[in-house]
Amino acid sequence: MATDSLLGVSYVFVLGATLLTQAGVAYWVYRYQRDQSGSTWFLVMVGAGVVWVLPMLLALVLQGREAQIVAYAVGHLGIILTVGAFIVFASKYTGTGFHRNRVLQAGLVGVLLA
C-alpha cells in the first residue's frame, strides 16, 4: 500500500486536496457563474477531473493488483474525458465554436481509440 511511506501519504494528501478544490470550484461555478457561456462544460470538465483523480487516489490505498489496474484504467479514461471537455468548454466560453471542426473531432476520436 502506498500509504506505508511518507511519499505515498503525500500523494494521498495532494489527491485529496485536489478533490476538495474541484468540489469547491464546481460549487462556486454552479452557484454563481451558471449563466456564463461554457459553464456547463466547465462543470463537465471538473466532473471528468474527479473521474481522473478519485481512481488515482483509490489506486494508492487499495490492496490487490487487480483493483489497482481497474482504478488506473478508469483514471486514464478520466484524463481523456477531461481533455475533451476542456476543448468544448474553451470553444463555448470564447464563442469560437472550434469544437465543431471535423479535423479536431477526428483527432479526438483518434486519441480515444489509441
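Look above for the structure.
Residues numbered from 1 in each chain as written. Predicted model: local features only at pLDDT ≥ 70, side-chain atom pairs only at ≥ 80, totals over all residues. Heavy atoms only, no water.

**Student:** Describe a nonpolar patch on the surface, and please don't skip the residues or the numbers.
**Tutor:** Judged by side-chain polarity, Val51, Val70, Val74, Leu77 and Leu81 come together as a nonpolar surface patch covering roughly 380 Å² of accessible area. Of the residues forming the nonpolar patch, the biggest block, 4 residues, is contributed by helix α3 (residues 65-94). Secondary-structure assignment places Leu77 in helix α3. (Patch = residues over 30% accessible without salt bridge, like charges linked within 9 Å, V, L, I, M, F, W, Y side chains within 5 Å. Areas by Shrake-Rupley, 256 points an atom, 1.4 Å probe, with all protein chains shown as cover. Salt bridge = Lys/Arg side-chain N within 4 Å of Asp/Glu carboxyl O. Helix = DSSP H or I, 4+ residues; strand = E, 2+ residues; numbered from the N terminus.)

**Student:** Give a detailed account of α3, specifying residues and quantitative values.
**Tutor:** The end-to-end C-alpha distance of α3, which contains 30 residues, comes to 43 Å, matching closely the 44 Å that a straight helix rising 1.5 Å per residue would cover. Ala71, Gly75, Gly78, Thr82, Ala85, Ile87, Val88, Phe89, Ala90 and Ser91 are the residues of α3 that are buried. Looking one or two places after α3, you find Gly95, whose phi comes out positive at around 75°. (Expected span 1.5 Å × (residues − 1). Buried < 20%, exposed > 50% of the residue type's maximum accessible area, 1.4 Å probe, protein only.)

**Student:** So what's going on with the packing of helix α1 (residues 6-32) against helix α2 (residues 39-61)? Residues and values would help.
**Tutor:** Between α1 and α2, the least distance of the axes is 10 Å, while the angle of their chain directions is 160°. Relative to α2, α1 is oriented roughly antiparallel. Viewed along their axes, α1 and α2 form a crossing whose handedness is left-handed. Taken together, the residues of α2 that come into contact with α1 (itself represented by Tyr11, Val12, Leu15, Thr18, Leu19, Gln22, Val25, Ala26, Val29 and Tyr30) are Ser39, Phe42, Leu43, Val46, Gly49, Val50, Val53, Leu54, Met56, Leu57, Leu60 and Val61. When its residues are assigned to classes, the contact of α1 with α2 shows 18 nonpolar, 4 polar and no charged. (Axes fitted to C-alpha atoms, helices over the stretch in contact; angles between N-to-C directions. Parallel < 35°, antiparallel > 145°, perpendicular 65-115°, else oblique. Left-handed = near helix turned anticlockwise from the far one by under 90°. Contact = heavy atoms within 4.5 Å. Nonpolar A, V, L, I, M, F, W, Y, C, P; charged D, E, K, R; others polar.)

**Student:** Quick rundown of the packing of aromatic side chains? Include the residues and the values.
**Tutor:** Throughout the structure, instances matching the rule amount to 3 aromatic pairs. Taken together, a centroid distance of 5.3 Å and an interplanar angle of 65° make the contact between Phe42 and Phe89 edge-to-face. Of this pair, Phe42 sits in helix α2 while Phe89 sits in helix α3, and the two are 47 residues apart along the sequence. Phe42 gets classed as buried once you look at its relative accessible area, which sits at 19%. (Phe/Tyr/Trp six-rings, centres within 6.5 Å; stacked < 30°, edge-to-face > 60°.)

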